[in-house]
Every structure is written in C-alpha cells, then in structure tokens.
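# Survey of secondary and tertiary structure
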Amino acid sequence: MNIFLIPYTWMRHVQVALWCGIFSTTAWWVYVMFFLYIGPFWGESYDGFIWLAGLVVAVSGGSLLLEGNMRRTSLRKRVLKIMIASGVSFGSFFVLFLLYQVVLGSVFFSLLNLLKTEDIAVDLADIHRTAFQNQLFLFLAAGVSVSLGTLSVRGWRQSWHHFGNHLLGGFIAGLSFALVWTYFLYFYSSGLDLYYSGAFGSLTFGFFFGLSAWSVPDELYAGWLRVMSSSRFGHRVPIDATAEETKERFVGSYANGLDLYLPLKEGVMELHVSAFVESGQKYILRGLSQQATQIKRPLESVNLQYEPQSPQPAETQLYSEDLIYMGNSGVIEFIMLPREEK
Amino acid sequence: MLHWFLWLSIFWGCGSPEKEVIPYSMTRIGSYNTVLEGDDREIKIFNSRMDCLDLIGNLNLNRPANQKMSPEYEQKEIVNCMPWIDRKNGEVQLSFALMRGDSPEPIPLTEKYVDVVHDQHDVKKDASAKVTLKRHEKILGSQLYMLIIDGSGSMDNLTGVVKDNRELTRMDFVKRALLNPSVSSAFFPEGSNNQVVMYTFTDGTPVRLGGMISSKSEYKAIVRTLQSLGGYTHLYDAIDFGMNQLEESKDIEEYLAFQSASPTILVLTDGFNNQARSDRCASNAKRLEKLIQKIDEKRTNRDSNLLVLPRIYTVGLGTKIREKVIFREDYQSDVDVDILCGQYKRMQIDGKLEKIGIDNVSLEWIAKVGGGQSFVSESESGLAKAFRAVAETRFKWFEIRYKVSPMWMRKSFKTMIKIRSMASVSSEIDIYPHAWLDGPNGKLQKEGWTNPRSPYHSSIIFMNIIGLILFLSILGAAIFNIRRVLVGRLNPPK
C-alpha cells in the first residue's frame, strides 16, 4: 500500500478504512486459528481481553504502518512508531479492562440503568455470559484504546479537530463493532452466530476506525499542470508548495524561464496563465493573456482572458482534471497527483 | 504497586483447572461429576481427546484378534467420542459410558431410558428440543443366558385365553413367549456363539432341562418340555442356585472361560417367594436381604471373577401388587418390610394374595441389585417383549446429541445425563462457552445434526473478506484510470 495506488478521488477517504479492516480481520483470524489449533494458554476470564487486545494492537499498529508507508518515513521510524502506538493501545486497554472488572463495570451498569425503565442486571460474575450489555463497555474501551495509541504517536495537540476525530473515531469503531456483533448474535439467521459476528464485527471495528479517525491527508498530493495538446503531450509540472511557502507556476510560449512551455503556433501567448496554491490546498488559476483562456469541467466552463479595464486578472479555483484551453489549440490539464510523482 | 497489580491480574486470568477446549470450537468443558452413583457404577462423560483415545484404544485392545478396528474406523470412533458443541444450532454432543471401575460396562441402553438435563431443563420435555442416542461398540463376545422358570403349582392355573380349542395355562404362556421367533432370534442372533441353559424350579434344587443349548432348534425342543412340577416357589433359593451354578457347573464354567462369555440370569415367576404354608409377605424380608447381600457382594467385590459376574433380570407373570415403590439408599444391604410388602406385610402368601398381584417389589429389588431390569406382564406378547429386552444387544459407550434453543447457550451451563434402566445413575458436566466468539459453525448433515467443520473454514472466510477488501482498494485506482482512458486523457489528440 502506497500513495501512488490511491488516486485523488473520493476513494482515498475509504482506503485507510479498508486497510484497517484488513488488519482487524487478520487479528480475528489469527486469534481463531490459534485458539482452534494450539489452544489458549490464558484463563477463560481473559478470552475477551486477548481477542480485543489483538484487535487493538493490529488496528493501531496497522494505522501507523499505513501512515508510515504513505509518508515514506524511514523503516526504523516506522517500526518505532508502530511499537509505541501498539504498546500504548494495549496498555490503555489493559488498564480499562482491569478497571472494568473492579469498578467501572458497576458504574457502567448504573449509567445504563439511567437510560432504562427496568434495571439491567449487573451480571459480571458469569464470565461466559454473551450479552450486549456485558460486552458493550469493552468494545468501546477497545475503540478508545486504539485512539489513544494512535494519538500518542500522531500527537495530542495538533488540533481539536484532529484529537476529536481520533477519540470519536475510536468510540464509533467500538460502538459499530458492538452493533454488528449483536446483530449476528440475535438477529441473523436463527441467532447466536458468534462465528460470523466475530469476523464481521472485527472487520467493522477496523473499517470504522480507519474511516473516522484518520484518512489519507491532502498534503500528500499536489496539483500538477499537464500538457494535453499534441506537440508537447505529457509534459507536466507540480505546483508543489507546502503550507508554509507559496509557489506560482507560469505557463506560456516564452522560451526561457517559464515553468511550462507551449508553442506559440498553438495560440499560446508568452505569459498565458499562472497557477498557484493557497493555504488549505486551494489551487487557483489566473488568466494573464487577452487571448482565449477557458477552463472546462463537466457542466461548467469559465473564461479567464485578461480584461485590460479590469483592475486585476481573472482567477478561478482549480479542481482535479479541469481542462484549460489556451489560444487556438493549446490545452493543459490540472490534475491532483501524489506529491512525489515523477 | 503497578508490578503487584500486573502479577495479580495475570494470576487471575490464568489457570482453568481440568478444563479442556472442545475440539473445533472455542468452548471449554470441565470434568464430569457423578451426581448419582448406582451400585459401584457411574456414568463417565468423556471430555477430551485423551479420554477418547484411552477408551477407543482399550476397546480395540480387548477385541478378538480377527475383529480389530481398522485405523480409519478407530479414528472415526475417536472423533465420534469427542464432545462437540454448535451454539449456532443449539447442539451439544457428548459421549459417555457406564463405568464399573475402569472399564465400560456393556448395556442395552436405548433413547427411552436416557434423560438429558440442560441447566435444570429436562430436554426431553421441551417440544422444540431434540435428543438422539447413538450406540457404539456392540458386544462381540458370546453370551450365556440362564433361564430359571417357575415350575410351581400356580403355573398350571388357567389364564382364560383359548387357543386351538384349549384354554392356556400360565406355563403355556411362558412357553409360547419363549418360542416366539423374535425371542429365539434374540437369544441366538445370526453368527453368534451364544448358549442358553434352562432350569425350572419349585422347592428344593432347580431342575436343569437338557445341557448347554447352542442352537435355535435345540432351544425350541427344550422349551417345549417345560412343565409345572407343583409345589412351593423357592424363588430366592433358585436365584442363589443359579449364581452358584456359574462357578460350580463344569460345562457352564468351561463355556464362560473358553468363550469369554458374559452370563445373564433370567428368572420368571408368577407370584411370591413362598417356602412354607405359614409364610407371610413379611417372612420374605430377611430371606431377600440375605439374597441381595450375596448378589451385591458378588457384583461389587473387586476380586470376583469377572467371567461369572452375572446380570440378573426378573420377569413377573401377572399384575403388580404395588405400583409405586421407593427404595432407600441402602437398598443393596437392607430390606425394609414396609418397603417390600406395604399394607400386605401380614397377609399369608396364598392364592388369595397372589390374586391381588405378584411380588413385583422383590423382583425389582433383585434386578436393581443384580444390574438388570425387571418386567411384569400378564400377556404373552408382554412376556416376549421382556425376553427380547433381556437378550438385547449391549453396547459399551454412547454418543448423545441434543438440541435446544441456541439462546440457552449464552452462558455457562451444566448438562446432566441420567440413565433410568440398568441402574439409576447420573453424571453432569460443566460447559463454558466463549463469551465473545465461536469457531466455525457446524456442517449440517442429512439427519439434521451438525458435524464439526475444519478450522480452515475460518481461513476461507478470511480470504474472502481480504479478497473483497483488496478488490475494493484497487477499484478506485482502476476506475480512475479506465475513465481517463475512455475520455481520452491518456493519449495525445490526433
């Protein structure tokens, strides 16, 4: 998995979710195979803990692995980050698990009772009991633990949005896990299908954490200008400024010093258009020539030729795959591609 | 502090003594507990592969050289013996044997005489539940049936049933029942080396009819010679005599020794044990006590010769004098007059008492201590049914499957197996399901039960999920590139 396999379409928002789903499903499979082939070395009171801890470690580690792969950080750094995230996730889940047994269980059931007219029995004594209310807390704890583990590496203080996303992502992952698990438990087929509930519950956990907490960031992409007209087809140049710096790319027929050259015979002026990036990955095209300059995208076209009586050149925001027509036959395309694309 | 906390938690989580994981599942199973032990016998529920390897291995070892199990069959039997649970279908499979000491005792157990209790719910009483019993390891050795038939004067009493213009006597009933083809086939099944030895008794020493009977034709000829001899009914003495004959009669002893045959004593009577004119029901208490103590001593003494350890069945011709009898716990050693006779304890044993009914309590008592069963019937077909039951094929271990609502398996539960025929024994076993997950659901078979699915099934599910996700993850890139090809963004304009 790397950034070159993820085009800048809506699918990029789902990629991390899919891969976290793979990691969590793998954790389920490894647990099931270990239990069935080798057998547990732990006591039965730790059955749920071991399974969920495996998921927590797999999802938090997996999420950091994905990020490391996409950012192409060094192998040592990647391994270190994965270990820290997995360790923090495991540790926090272990603490939550123990607290649940000792004190949080009763508190949690008291809170549940506030929501219901009838009392929910506090039945933690039978560790073999399969019930939504018995397991819900640990599902949520698993989700929150993954959040804490990944946050410990990605940083707590980046932004409230970042922090909230992770925490809420973990909570949503735990809750969706519990709901899918419960669906198979009670409502699928004749009920009590803990086999598929485990498989699809795990998948859901990873998927929703990946979907809600962290997705492929836009900063890994950059806008590119790519020549579409036949004379210089395929030549391209990135508008690869980061948030701290600005960069403007100039397109025209001036032979020396421009970022992207197109021949005059195509009606392209010496300095025809320029493109630059603003904060928040907002790409802008500025028309600099009185010759025809038009952006075309589905159901929309924008004229950008320079009006001498206007105090400033016309500008418009660029979106990936916009076509920019210049002069008689000069065509370039704006496309979002990975920043490191060669 | 943290160090202490971690150690505490590790110890708390570890250690589940005597719990095994049910193969191909994520459920644990405990060891069985005997709830009710019956005269030195108990139900052993096999809970692990080791248990099953031991059982099947020993059974195979004890088979005659020409009847050893093939390796494939042995493996199949081991799998059948191991417990299995399919919570999706609410199914539990357990294997058990009636154990005397370390070896399984062969019994002719049928579904009717087994009860399964799932966490205090009698499974058989639940209309939606299902129970089935599969019998394993049929007794392949020879059997010796010792038939001791009452020849007292009362056996000449008429029954009121007319056949071939002649009113049948009680003895005619017995003869017709014994001659029933299904009964003779039960005593001499195809290919068996079984033998029958027949006695008739009144008072004094029982009289042997013929020698060792080894064929149906010989058997039929001997049965036809059965007749009432007149006199009292020394029932208890006849049983005592029969037991002694197993060791004292040369031909019987030789047959048992050379054929490794198992002896079964069948006693038939139409009344009470009656040794003198003045006998009352209460007079039998001490006599019965002496007999049952002897039977018990013989059956429970570890030094007893296993070859002459008989199983005693009793058959009563007539109607029961008392319907409901509750035995005390010390029934093997002590006979209480009130339990034996009830309101009839002072009544003289004569035709008047025998008209009310036969002494079914004595018969039940003897069979209970003798490891057999007691039957009472006043019809010819009822007698034939009882004889067939006595000669029924016996099995050494059993596989019981039951199905209840899957919702009953959402927590740990106890399963109790009770036998109500040869002996009243029961054992229970604890089953501890995984609270979160299960292994692959069972594979439904034709009979409506499931068999374990290989753990590889989880790999199939895993591969499918992973395959689908990988497909979806490249789908975005694929669609993006295909669309760009179709709209001509990847080729220069012409």
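Think of each chain on its own: its residues are numbered from 1, step by step along the sequence as written. Each chain is given a letter, starting from A, and each ligand a number, starting from 1, according to the order in which they appear as written. Since the coordinates come from a predicted model, pLDDT governs what is reported: local features require at least 70, and pairs of side-chain atoms require 80 or more to be given and counted, while whole-chain, interface and lining totals use all residues. Where side-chain values are given, they derive from all heavy atoms of the structure, hydrogens and water being excluded.

### Remarks on the sheet that holds strand β11 (residues 143–150) of chain B
Residue and element names in this part refer to chain B. Note on pairing: two strands pair once DSSP finds at least 2 bridges between them. A run of DSSP states H or I qualifies as a helix once it reaches four residues; a run of E qualifies as a strand once it reaches two. Both are numbered from the N-terminal end. With respect to topology, six strands assemble into an open sheet ordered β15-β14-β11-β16-β17-β18, the strand pairing being mixed. Two strands lie at the open edges of the sheet, namely β15 (207–213) and β18 (371–377), each paired on one side alone. Neighbour to neighbour, the strand axes of the sheet diverge by 15° on average, direction disregarded. As judged from the five bridges shared by strand β17 (residues 311–317) and β18, these two strands associate in the parallel manner. Bridge assignment links Gly-316 to a residue of β18, and that residue is Val-376. Docked against the sheet, helix α12 (residues 360–369) engages β16 (262–269), β17 and β18, running at close to 155° with respect to β18. Each axis is a line fitted through C-alpha atoms, and for a helix only the stretch in contact is used; angles between axes span 0 to 180 degrees, taken between their N-to-C directions. Any pair of residues with heavy atoms lying within 4.5 Å of one another is described as a contacting pair.

### A look at the side chain of Thr-314 of chain B
Residues and elements named next belong to chain B. Mapped onto the fold, Thr-314 is located in strand β17. Exposed residues in this analysis have more than 50% of their type's maximum accessible area, buried residues have under 20%, and partly exposed residues fall in between, with area computed by a 1.4 Å probe over protein chains only. Look at Thr-314 and you get buried, because its relative accessible area is 0%. N or O atoms within 3.5 Å of each other form a polar contact, as long as, within protein, one can give a hydrogen and the other can take it, and as long as residues adjacent in sequence are counted only when both atoms are side-chain atoms. Of the polar contacts made by the side chain of Thr-314, one reaches the backbone oxygen of Leu-363; its length is 2.9 Å. Residues contacting Thr-314, with those up to four places away along its chain left out, are Val-267, Leu-363, Glu-364, Ile-366, Ala-367, Gln-373, Ser-374 and Phe-375.

### Focus: unusual backbone geometry
Residues and elements named next belong to chain B. Despite not being glycine, Asp-164 has its phi angle at roughly 55°, a positive value. Relative to the elements of secondary structure, Asp-164 occurs in the loop between β12 (158–163) and β13 (166–169). What makes Asp-164 exposed here is its relative accessible area of 74%. In the Ramachandran plot, Asn-165 falls in the positive-phi region, its phi being about 60° despite a non-glycine side chain. Residue placement: Asn-165 occurs in the loop between β12 and β13.

### Quick notes on the pattern of salt bridges
Here a salt bridge means any side-chain nitrogen of Lys or Arg lying within 4 Å of a carboxyl oxygen belonging to Asp or Glu. Per the stated rule, a full pass over the model turns up 38 salt bridges over all chains. Between Lys-294 of chain B and Asp-240 of chain B there is a salt bridge, with the nearest N and O atoms lying 2.4 Å from each other. With Lys-294 of chain B in helix α9 (residues 284–300) and Asp-240 of chain B in helix α7 (residues 235–248), this residue pair connects regions lying 54 residues apart in the sequence. On the accessibility criterion, Asp-240 of chain B (23% relative accessible area) is partly exposed. Sharing partners across several salt bridges, the network here consists of Arg-226, Glu-321 and Glu-333 of chain A together with Arg-483, Arg-484 and Arg-489 of chain B.

### A word on the packing of aromatic side chains
Any two rings among Phe, Tyr and Trp, with Trp reduced to its six-membered ring, count as a pair given centres within 6.5 Å; such a pair is stacked if its planes are under 30 degrees apart, edge-to-face if over 60, and tilted if neither. This structure, assessed with the given rule, holds 40 aromatic pairs over all chains. Relative to Trp-436 of chain B, the ring of Trp-181 of chain A has its centre 6.3 Å away and its plane inclined at 45°; by these criteria the two rings are tilted. A residue pair is termed interchain when its members come from two chains, as with Trp-181 of chain A in helix α5 (residues 160–187) and Trp-436 of chain B in the loop between β21 (424–432) and β22 (443–444). Through a chain of ring-to-ring contacts, the aromatic side chains of Trp-28, Tyr-183, Phe-184, Tyr-195, Tyr-196 and Phe-200 of chain A assemble into a single cluster. Two thresholds decide whether a charge sits over a ring: the Lys NZ or Arg CZ must be within 6 Å of the ring centre and within 35 degrees of the ring normal. Lys-19 of chain B extends its terminal NZ or CZ atom over the ring of Tyr-432 of chain B, reaching a point 4.0 Å from the ring centre. Here Lys-130 of chain B stacks its cationic end above the ring of Trp-449 of chain B, 4.7 Å away from the centre of that ring.

### Topic: the packing of helix α1 (residues 12–38) of chain A against helix α6 (residues 194–212) of chain A
All names here are of chain A. The N-to-C vectors of α1 and α6 enclose an angle of 145°; their axes lie 6 Å apart at closest approach. Remark: the crossing between α1 and α6 carries right-handed chirality. Between α1 and α6, the residues in contact are His-13, Val-14, Val-16, Ala-17, Leu-18, Cys-20, Gly-21, Ser-24, Thr-25 and Trp-28 and Tyr-195, Gly-198, Ala-199, Ser-202, Leu-203, Gly-206, Phe-207, Gly-210 and Leu-211, respectively. When the residues that make up the contact of α1 with α6 are grouped by side-chain class, the tally is eleven nonpolar, eight polar and no charged. Left-handed describes a crossing whose near helix is turned anticlockwise from the far helix by less than a right angle; the clockwise case is right-handed. For this scheme, ten residues count as nonpolar: Ala, Val, Leu, Ile, Met, Phe, Trp, Tyr, Cys and Pro. Four count as charged, namely Asp, Glu, Lys and Arg, and the remainder, Gly too, count as polar.

### Quick look at empty space enclosed by the protein
Once rolled over the atoms, a probe with the size of a water molecule shows which space is left empty. Each cavity reported here is a set of points on a 1 Å grid over the protein atoms alone in which a 1.4 Å probe fits but cannot get out, each pocket an open set with protein on both sides within 12 Å along at least five of seven lines, and each lining residue one with an atom within 4 Å of a point. Grid points are joined across faces, edges and corners, and a volume is the space filled by probe spheres set on the points. Tallied over the full model, the rule gives two cavities of 30 Å³ or more. In this structure, the largest cavity encloses a volume near 240 Å³. Along the wall of the largest cavity there are 18 residues; nearest its centre are Gln-101, Ile-127 and Leu-138 of chain A together with Ala-435 and Trp-436 of chain B. Approximately 50 Å³ is the volume found for the second largest cavity. Lining the second largest cavity are Tyr-24, Ser-25, Trp-84, Ile-85, Asp-86, Arg-87, Asp-438, Gly-439, Pro-440, Asn-441 and Gly-442 of chain B. Per-class residue counts for the lining of the second largest cavity are four nonpolar, four polar and three charged.

### A word on the interface of chain A and chain B
Contact with chain A, which involves 67 residues of that partner, is made by 58 residues of chain B. Each of two parts loses accessible area, computed with a 1.4 Å probe, when they are put together; buried area is these two losses added. Between chain A and chain B, roughly 5,600 Å² of surface is buried when both sides are summed, and carbon and sulfur atoms account for 66% of that area. For Arg-489 of chain B, the salt bridge goes to Glu-333 of chain A, with nearest N and O atoms at 2.7 Å. Linking chain A to chain B there are 21 residue pairs in polar contact (both at pLDDT 80 or more). Mapped onto the side of chain A that touches chain B, the elements with two or more residues apiece are α1, α2 (47–71), α3 (75–115), α4 (132–154), α5, α6 and β11 (330–338) of chain A. When residues of the side of chain A that touches chain B are assigned to their parent elements, the largest contribution, 15 residues, is made by α1 of chain A. Partitioning the side of chain A that touches chain B into residue classes produces 40 nonpolar, 19 polar and eight charged.

### A closer look at the nonpolar core
Looking at soluble globular proteins, one finds that nonpolar side chains tend to be buried together. Among buried residues, the Ala, Val, Leu, Ile, Met, Phe, Trp, Tyr and Cys ones that are joined through side-chain atoms within 4.5 Å form a nonpolar core. Formed by 126 residues in total, the largest nonpolar core has its most connected members in Trp-51, Leu-52 and Leu-225 of chain A together with Phe-96 of chain B. In terms of residue count, the dominant contributor to this core is α1 of chain A (13 residues). Excluding its chain neighbours within four sequence positions, the residues that come into contact with Trp-51 of chain A are Trp-28, Tyr-31, Phe-139, Phe-177, Gly-198 and Ser-202 of chain A together with Trp-436 and Leu-437 of chain B. In this structure, Met-146, Ile-148, Tyr-255 and Cys-341 of chain B belong to the second largest nonpolar core, which totals 45 residues.

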